[in-house]
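Fold and geometry: a report
Chain by chain, the residues:
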Amino acid sequence: KPTEPIVVEGVSYPRDAFSNATPAILDKVPRRLHLDPAHPIGILRKLVEDHFSSFEHLNSLSPIVTVQQNFDDLGFPADHPGRALTDSYYLNRQHMLRTHTSAHEVECFRAGMDRFLIAADVYRRDEIDRSHYPVFHQMEGAYVVDPAAGGIERLERENAEMQKELRAANIEIEDPTREETPTNPYQAAHDPRSARIISEHLKNSLNGMVLKLFGPQASQAGEPLRVRWIEATFPWTGPSYEVEVWFNGQWLEILGCGVMQQHTLERSGVGHKQGWAFGLGLERIAMVLFSIPDIRLFWSRDARFASQFRAGEISTFKPYSRFPECYKDVAFWIPSADEAREAGREKWHENDFMEIVRGEAGDLVENVQLIDEFVHPKTGRTSRCYRLNYRSMDRSLSNEEVNVMQDKVVERIVSDLGVEVR
Ligand code: PHE
């Protein structure tokens, strides 16, 4: 109810104009897939932990963080799109479901941790298809040293060791970001030589991790593992990079990373340290390593899914029969900004529509596709037709139950979004 507080894990959050976290999303909070040692997400988590075995491992940080932790402390500008109500889930103006594990960096640095690895569930409002789900998992890794205490020399020694291992491995690293560039410069606060050593340590560490995750499959296929480094931007790192891995004939983007911005370390009370951080997405990697065709399967409670995996093992998922799909179309006029305002509603945003579909049909919708759009020549209004593909992972759906869900979706887009159904 609009006046009752939102309760998550026994804590109450008073509602305000920001509150947009739905029961369908909050229901996922207790699942903690990353803690299940025999679930693909938990198996992958453990593999990454083994690679960073000297790091402190943190796996139970609450998904509810302050807006300050998720955005402000990391230097996100006030108008960054990720902050929008259409992109993130808020409990209220101050509290939100974290959109990334970076939300915990500052508190970890502040607690004096020099090397840590966090695994956690993260939440983002998004479209509906086989590879998008509003809850997914990330791992955050960070490594900082104190240059005054010989930290940079330590990184240099470790670099030499890691490089030796990488040279002996069957890996092809494409790295056009090796040199500093005007668009991805070292920080003014950094001596260029240490910045380079930190950046190389970051790259060696992550190339080693990628080799651990993807190397066995590549060598089975008799191919070298191909990795490429790409320039990126994040408000709390510089220089910043993304990493892609060549897998099954395409580049797969798996992580973002960079050299920690000194201002972020200063905000954490450790301005005398320098280092790096990365954030790795687990679902996409698990989907390719375990051959899992649909992201909803991770959330399945069907024993035919769960029984296929063993702790510590990367195995190939054998799909059980795909149940038939059933699709329903809905066409409507999108309210113009003026119409929306008159009706006292926010501007139309596709993610609000997706949220209603998720609320009414949950995991029974496989994807939502825009199949037609046109602008009325006289009124200038836009009409859209969306196709909702219903399919259960576990059973056959009846046309009647799909109709019930579709009717509810239509009812709610009219009442909540103010669209006019055609
Ligand atoms: N948090 C970033 C993301 O979700 C990834 C990242 C982590 C980038 C740490 C830089 C440093 O995309």
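An unreviewed UniProt entry lists the protein chain under the name Phenylalanine--tRNA ligase, mitochondrial, with Rhodotorula paludigena as the source organism. Recorded under Sequence similarities (unreviewed entry), the UniProt text for the protein chain is reproduced unchanged: "Belongs to the class-II aminoacyl-tRNA synthetase family." The UniProt entry for the protein chain carries the following comment under Function (unreviewed entry): "Is responsible for the charging of tRNA(Phe) with phenylalanine in mitochondrial translation."

This part is about the sheet that holds strand S7 (residues 135-145). With mixed pairing, the eight strands of this open sheet are ordered in space as S3-S6-S7-S12-S11-S10-S9-S8. Only two strands of the sheet have a single partner each, and these edge strands are strand S3 (56-58) and strand S8 (171-174). With strand direction ignored, the average angle separating the axes of adjacent strands in the sheet is 25°. Across nine bridges, the pairing between strand S10 (residues 237-247) and strand S11 (residues 250-260) is antiparallel. Directly across from Val-243, in S11, lies its bridge partner Leu-255. Against the sheet, helix H2 (residues 40-51) touches S3, strand S6 (115-123), S7 and strand S12 (274-281), its axis set at about 10° to S7. Along the sheet, helix H6 (residues 192-220) makes contact with S7, S8, strand S9 (225-234), S10, S11 and S12, crossing S11 at roughly 150°.

As a matter of local geometry, the ligand sits amid 14 residues, with His-100, Ser-102, Arg-124, Gln-138 and Gly-279 nearest to it. Within the side chain of His-100, one N or O atom sits 3.0 Å away from a nitrogen atom of the ligand. Here the ligand is seated within the largest pocket. Broken down by secondary-structure element, the contributors of at least two residues to the shell around the ligand are S7, S11 and S12. With three residues, the top contributor of residues to the shell around the ligand is S12. Class assignment for the residues of the shell around the ligand results in five nonpolar, six polar and three charged.

Attention shifts here to empty space enclosed by the protein. Tallied over the full model, the rule gives three cavities of 30 Å³ or more. One number sums up the size of the largest cavity: a volume of about 130 Å³. Pro-293, Leu-297, Tyr-320, Arg-322 and Met-393 are, among the 13 residues lining the largest cavity, the residues nearest its centre. Here the lining of the largest cavity is composed, by residue class, of seven nonpolar, two polar and four charged.

Computed from the structure, the largest pocket encloses a volume of approximately 1100 Å³. If you trace the largest pocket, you find 43 residues lining it, with Thr-99, His-100, Arg-124, Phe-136 and Gln-138 closest to the centre. Mapped onto the lining of the largest pocket, the elements with two or more residues apiece are S7, S9, S10, S11, S12 and helix H8 (282-289). Per-element tally for the lining of the largest pocket: the top contributor is S11, with six residues. Grouping the constituent residues of the lining of the largest pocket by class yields 17 nonpolar, 16 polar and 10 charged. As a volume, the second largest pocket reaches approximately 690 Å³.

A word on the nonpolar core. Among the nonpolar cores identified, the biggest contains 71 residues, and Phe-214, Ile-254, Leu-280 and Phe-298 are the most heavily contacted of them. Ranked by residues supplied to this core, first place goes to H6 with nine residues. Beyond its immediate chain neighbours, meaning those up to four positions away, Ile-254 contacts Val-210, Phe-214, Val-243, Val-245, Gly-279, Leu-280, Gly-281 and Ile-285. Listed in part, the 24 residues of the second largest apolar core include Ile-356, Tyr-386, Leu-388 and Leu-417.

What counts and what doesn't
- Residues numbered from 1 in each chain as written.
- Predicted model: local features only at pLDDT ≥ 70, side-chain atom pairs only at ≥ 80, totals over all residues.
- Heavy atoms only, no water.
- UniProt positions renumbered as here; feature names shortened; annotations may be inferred.
- Pairing = 2+ DSSP bridges.
- Helix = DSSP H or I, 4+ residues; strand = E, 2+ residues; numbered from the N terminus.
- Axes fitted to C-alpha atoms, helices over the stretch in contact; angles between N-to-C directions.
- Contact = heavy atoms within 4.5 Å.
- Near = heavy atom within 4 Å.
- Polar contact = N/O pair within 3.5 Å; in protein donor to acceptor, adjacent residues only side chain to side chain.
- 1 Å grid on protein atoms, 1.4 Å probe; cavity = no way out; pocket = protein on both sides within 12 Å on 5 of 7 lines; lining within 4 Å.
- Sits in = over half its atoms within 2 Å of the grid points.
- Nonpolar A, V, L, I, M, F, W, Y, C, P; charged D, E, K, R; others polar.
- Points joined across faces, edges and corners; volume = space filled by probe spheres on them.
- Core = buried A, V, L, I, M, F, W, Y, C linked by side-chain atoms within 4.5 Å.
- Buried < 20%, exposed > 50% of the residue type's maximum accessible area, 1.4 Å probe, protein only.

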